[in-house]
Amino acid sequence: MSILLQSILNGLCSGSIYSLIAVSLSLLFGVMKIINFAHGSFLMISMFFSLWACRYLGLHPLVNLLLVPPVMFVIGYSTQRFLIKSIYEKESAREPIGVLIFTTGLWIFLDNLFLAVAGPDSQVIQHEYVNKTLILGDFFMSYTQIYGFSASIFISLLFLLFLKKAKVGRAIRATGQDREAASVIGVNSYEIYNISFGLGMAVLGAAGALLVPLYNVYPQVGDVFGLRSFVIVVLGGMGSVWGAFWGGIIIGLIESVGAQFVPATFTEAIIFIIFVMVLYFKPAGLFGLESE
Amino acid sequence: MKNNSNKIMILVSCVLACVLGVSADSLAASKIKIGYLIPLSGTAAAPIGQDMSKGTHLAVKHINDLGGIKSMGGAQLELVEVDTHGDPKAGMTEAERLINVEKVPVIIGAYQSGVTFPSTAVAEKYKIPWIVDLAAKAEITERGFKYVFRPVQIPSSGNADSVVDFVKYISDKTGKKPKRLAFVYENTDWGQDLAKTVRRRFPKEMGMEIVLDEAYPPNSPDLKPLVIKIKGRNPDLISVTGYTSDAIQMHKLFEQMQVNAMAIIGSAAGQADRTFIPSVGMKGTNYTYTTNGWAGYESCVTTPFAKKYWDDFNAAHKYEPTEFTVCAYGAVWILKDALERAQKAEPEPIREALTKTSIMNTDLTKLLGFNVKFDAKGQNPYKRFAMQQIYNGKHRTIWPEEVAVKDFSPTWPVPKWSDRK
């Protein structure tokens, strides 16, 4: 019984971080209709930033939550403004295939850039916070997971609230729903794209900062979480930020609880069986809108 | 007239030079060409290939400096090195070229199983002996070939054999026998290969009960569910087969979740990696057992022969030798031993000499950590993996006894997490 409870809690904790990664991916898709294949690489970058901040500035891993997202915002904003925008403008009349290819190139470039800069080894942060564990009887939770869960939920809710209430948030949603109509009422859609990309990367930066005490960092680490976040986004409903949030929690739970009943290798299979079933019976995703 | 005599002088000196040149050549020791196939570029395996190449070149240099092959009048070894790019097809054509164009009587190579497996078939066809340096694929010596020899490597199942043999040894020695076995392994050919041996031997030979037998996908985003599962089965012995990234994750979780077992044993990959201890930390790695393909400096660099190898390598390349460079270095010395007895640089006598190889308790075997001879398949039955226990940030070799370090005795069973400081 305690094993089941333990695995449920673990699933919630891991799932909440998956949610954060997926939420940012879903935002980019929802607003700009582009699939960001470099998403995992940006996660890897934010993980390296967190690692370096801890190692060279001696910061507490949780302080990264305040530090890394603003840096990632600037990187995201600039990527959209200076790299993607011109491709996007040329393709505004059709599906942005060029952007898709561009982000794929960016993915390969960034992974190899960090291979050259940081080397191929797995790295971890050394901090006493990392190994602290809450022990209640035969029940173990690391503080990194507890804080990771709390922070992920808080950031996700804050972000959803922002999209719903704030003026910029509403402009983002408006652009996502109908770019031309939004332009008509005075929304500068390219500026909204810049901000959206920046915000997406900021949320991803928070995920990276929370992940670093839990997972080792190496140049290809983005692939581990990147693929998973695509599955989550499709499962939750393409472009639905709320759907991505729940998708992450569900995948985390399947992975953790499922592994107690079937071999760990098969939980991957279970995830993809559910994935295929959702695509078949509800192509818009569990929380996606049926319209369009 | 002056002009003429000049011409004559030039002519004379030319003739003299030719004569002297020829005679100098015939006076100098003859050369023995050795074909060497190794990936040096264009593959992820290239860094290890380059390491091995450095070991091989150093061995050739040392042998030549010490007077070459004495039974052939001090003949010097000459390495004909070819880059395979890790490509099986390149390996096969280059083997063909080495044999037919370069006329080498013997080949060493080609590190990777994927290249070594098909290329050795080419050498077998032309009846040219081949010394396999590091390829571990079992089938390389299972084809009934007469010209393939594997002195410094065993199939990967041998890695798991060492785990079982060690657990038997230490259980007998301490009288504390584990009963419940959990083994987890990455879901690849390599992981499955090792698991097969563990699954077969532990229950049969030690009467152990398997409480968990589980493959996991390599590079998992979350290994905690697996560790929760291991903990829930309450095993006495945990065998972990995985590469660095997963091993680091898993051992950090063992510490956090306080998974207590009599021992946790790794398989010469993740837990033997140089980044393992700094990543997991001193407390988390203390008492961890792992196999290792080479027993290490403390155990093996004990003779002037080994010291010379270690120092010269270090001086030339500014980093310490590894298991790979030691194996490469040793392979050439094993060939040297055979050449001395063959007395002719021709394929048949070399093959004949290799089959009769018996290098027991010499400087070379002390460096390698095992004796060398070949069974009917061309496999060295003495090669095995050493067992190490990590203590205070160092891998200490504890088994087999002949390579164990003197000032350290293993802790078995390991203390509970709550009892460690």
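These figures come from a predicted structure and were not determined experimentally.

I tried to follow the overall build of chain B on my own but got confused; where do I start?
When you go through chain B residue by residue, the secondary structure sums to 15 helices and 14 strands. Over its C-alpha atoms, taken along the principal directions, chain B stretches across nearly 105 × 40 × 40 Å. Across the 421 residues of chain B, 49% fall into the buried class. Excluding contacts between residues fewer than 6 apart, the proportion of contacts in chain B whose partners are at least 24 apart in sequence is 68%.

Even after reading the chapter, I still don't get the interface of chain A and chain B, so can you show me in this structure?
Put simply, an interface is often sized by how much accessible area is lost when its parts join up. On the side of chain B, 24 residues touch chain A, which itself brings 25 residues to the contact. Where the side of chain A that touches chain B is concerned, the elements lending two or more residues are α1 (2–32), β2 (139–142), α9 (221–236), α10 (241–258) and α11 (264–281) of chain A. Here the element with the most residues in the side of chain A that touches chain B is α1(A); it accounts for five residues. When its residues are assigned to classes, the side of chain A that touches chain B shows nine nonpolar, twelve polar and four charged.

What is the right way to look at the sheet that holds strand β13 (residues 386–391) of chain B in this model?
Backbone-to-backbone hydrogen bonds pair the strands of a sheet. The strands run either parallel or antiparallel. Residue and element names in this part refer to chain B. Pairing is mixed across the open sheet formed by seven strands, whose spatial order is β7-β6-β8-β9-β10-β13-β14. For this open sheet the edge positions go to β7 (209–216) and β14 (394–399), each flanked by a neighbour on one side alone. Taken over all neighbouring pairs, the strand axes of this sheet differ in orientation by 25° on average, direction set aside. The sheet contact formed by β13 and β14 spans five bridges and is antiparallel.

Mind showing me how you'd approach unusual backbone geometry here?
A negative phi angle characterises most non-glycine residues, just as the trans form characterises most peptide bonds. Here the residue pair Gly109(B) and Ala110(B) is connected by a cis peptide bond, since its omega of -5° sits within 30 degrees of zero. Cis peptide bonds are those with omega within 30 degrees of zero, and the linkage from Trp399(B) to Pro400(B) qualifies with -5°. Mapping Pro400(B) onto the fold places it in the segment after β14. Despite not being glycine, Lys33(A) has its phi angle at roughly 60°, a positive value. Note on placement: Lys33(A) falls in the loop between α1 and α2 (39–57).

Rules and cut-offs
Residues numbered from 1 in each chain as written. Chains lettered and ligands numbered in written order. Predicted model: local features only at pLDDT ≥ 70, side-chain atom pairs only at ≥ 80, totals over all residues. Helix = DSSP H or I, 4+ residues; strand = E, 2+ residues; numbered from the N terminus. Buried ≥ 20, exposed ≤ 12 C-beta atoms within 10 Å, placed from the backbone. Contact = placed C-beta atoms within 7 Å. Nonpolar A, V, L, I, M, F, W, Y, C, P; charged D, E, K, R; others polar. Pairing = 2+ DSSP bridges. Axes fitted to C-alpha atoms, helices over the stretch in contact; angles between N-to-C directions.

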